[in-house]
Amino acid sequence: MASAVQRIALYPGTFDPVTLGHEAIVKRALPLFDRIVVAIGYNAKKPDSYFSLEQRLDMLQRVFGALPQVEVRHYSGLTTDFCHQVGARFILRGLRSSADFSYERNIAQANNTLAPEIETVFIISSPGLSNINSSIVRDIHRNGGPISAFLPEALHALFK
Ligand code: COA
């Protein structure tokens, strides 16, 4: 008999800003989960974001707001604690390269030690999207360049 327990995944990140790469990961993960909570967390190595929390939440809302399975949140503290708060048994992350793998393995193993019942699920980025990261987008924007090519369509009007 099918279980009535919802499969909830947390997709955490800094999203400074959300890019085409992040959007693709969420869209590809939709069939795997009943609900995906896309949440802005706090990375102590990135104390000062380029876009404010309000701007980043607004961008996520514009990108994912029309998807009934997706909820946009923010949190402080441990990612595993926030998983417990929202009932997520899965952490969703994207992998673009072997460098991502080394970084993500350490985080996933730390989270596994903290909360063994929470599984990290990785999706390999789609061809053509593995070169995108938020720092490049920030750098282009800081220097007055066009960033739409790296952003979900829902954000193009914001950055005309
Ligand atoms: N497409 C495009 N870019 C991607 C991507 C994808 N599929 N996957 C990752 N990235 C990029 C991001 O844009 C970001 O780029 P940037 O560094 O140039 O800004 C980079 O890869 C990784 O950042 P992000 O995915 O935002 O996550 P993060 O590594 O900053 O981690 C948290 C953020 C909130 C998840 C993490 O710091 C955290 O868990 N904090 C809570 C404290 C905690 O629990 N600590 C214990 C575990 S470490």
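Residues numbered from 1 in each chain as written. Predicted model: local features only at pLDDT ≥ 70, side-chain atom pairs only at ≥ 80, totals over all residues. Heavy atoms only, no water.

K.L.:
Any chance you could explain the site of the ligand here in plain terms?
P.N.:
In the vicinity of the ligand there are 26 residues, among which Thr14, Thr79, Tyr103, Ser134 and Ser135 approach most closely. Interatomic distance of 2.7 Å between a backbone N/O atom of Thr14 and an oxygen atom of the ligand. The contact in question runs from an oxygen atom of the ligand to an N or O atom on the side chain of Arg93, over 3.2 Å. If the ligand stood free it would expose 940 Å²; the protein chains cover 86% of that surface. When the residues that make up the shell around the ligand are grouped by side-chain class, the tally is nine nonpolar, 13 polar and four charged. (Near = heavy atom within 4 Å. Polar contact = N/O pair within 3.5 Å; in protein donor to acceptor, adjacent residues only side chain to side chain. Areas by Shrake-Rupley, 256 points an atom, 1.4 Å probe, with all protein chains shown as cover. Nonpolar A, V, L, I, M, F, W, Y, C, P; charged D, E, K, R; others polar.)

K.L.:
Whenever I open this one, the packing of aromatic side chains confuses me. Can you help?
P.N.:
Aromatic rings considered in pairs are described by the distance between their centres and by the relative angle of their planes. Enumeration according to the criterion identifies five aromatic pairs in this entry. Relative to Phe15, the ring of Tyr11 has its centre 5.4 Å away and its plane inclined at 70°; by these criteria the two rings are edge-to-face. The class of Tyr11 is buried, set by a relative accessible area of 4%. Residue Phe15 is classed as buried on the basis of its relative accessible area of 3%. Here a set of aromatic residues connected by ring pairs shows up, and it is made of Tyr50, Phe51 and Phe159. (Phe/Tyr/Trp six-rings, centres within 6.5 Å; stacked < 30°, edge-to-face > 60°. Buried < 20%, exposed > 50% of the residue type's maximum accessible area, 1.4 Å probe, protein only.)

K.L.:
I'm lost on the pattern of salt bridges in this one. Help?
P.N.:
It is possible for side chains bearing opposite charge to pair when their charged atoms get close. All told, the structure shown has eight salt bridges when counted by the stated rule. For Asp58, the salt bridge identified is with Arg62, shortest N-O distance 2.9 Å. Of this pair, Asp58 and Arg62 are both found in helix H2 (residues 53–64), four residues apart, which corresponds to roughly one turn of the helix. Judged by relative accessible area, Asp58 falls into the partly exposed class, the value being 32%. For Arg73, the salt bridge is made with Glu71, and the minimal N-O distance between the two is 3.2 Å. We classify Arg73 as partly exposed; its relative accessible area is 28%. (Salt bridge = Lys/Arg side-chain N within 4 Å of Asp/Glu carboxyl O. Helix = DSSP H or I, 4+ residues; strand = E, 2+ residues; numbered from the N terminus.)

K.L.:
Would you take a moment to explain the sheet that holds strand S2 (residues 35–40) for this structure?
P.N.:
Pairing between sheet strands relies on hydrogen bonds along the backbone, with the strands arranged either parallel or antiparallel. With respect to topology, five strands assemble into an open sheet ordered S3-S2-S1-S4-S5, the strand pairing being parallel. Two strands bound the open sheet, and with one partner strand each, they are strand S3 (70–74) and strand S5 (119–124). Neighbouring strand axes in the sheet, compared pairwise and without regard to direction, differ in orientation by 30° on average. Looking at chain direction, strand S1 (residues 8–13) and S2 are connected through six bridges and run parallel. Bridging across to S2, Gly13 finds its partner in Ile40. Its contacts with the sheet put helix H1 (residues 20–29) on S1, S2, S3, strand S4 (90–95) and S5, and the angle it makes with S5 is roughly 115°. (Pairing = 2+ DSSP bridges. Axes fitted to C-alpha atoms, helices over the stretch in contact; angles between N-to-C directions. Contact = heavy atoms within 4.5 Å.)

K.L.:
What is the right way to read the nonpolar core from this model?
P.N.:
Soluble globular proteins: nonpolar side chains tend toward being buried together. If you look at the biggest cluster of nonpolar residues, it comprises 27 residues, and the most contacted ones within it are Tyr11, Val18, Ile36, Val38, Leu60, Phe64 and Leu92. If you tally residues by element for this core, the top one is H2, at four residues. The residues contacting Tyr11, other than those within four sequence positions of it, are His22, Ile25, Val26, Ile36, Val37, Val38, Ala39, Leu92, Arg93 and Gly94. Listed in part, the twelve residues of the second largest apolar core include Ile8, Val86, Ala115 and Ile118. (Core = buried A, V, L, I, M, F, W, Y, C linked by side-chain atoms within 4.5 Å.)

K.L.:
I keep staring at the side chain of Thr120 and nothing clicks. Help me out?
P.N.:
Positionally, Thr120 belongs in strand S5. With sequence-adjacent residues up to four places away left out, Thr120 is seen in contact with Ile91, Arg93 and Ala108.

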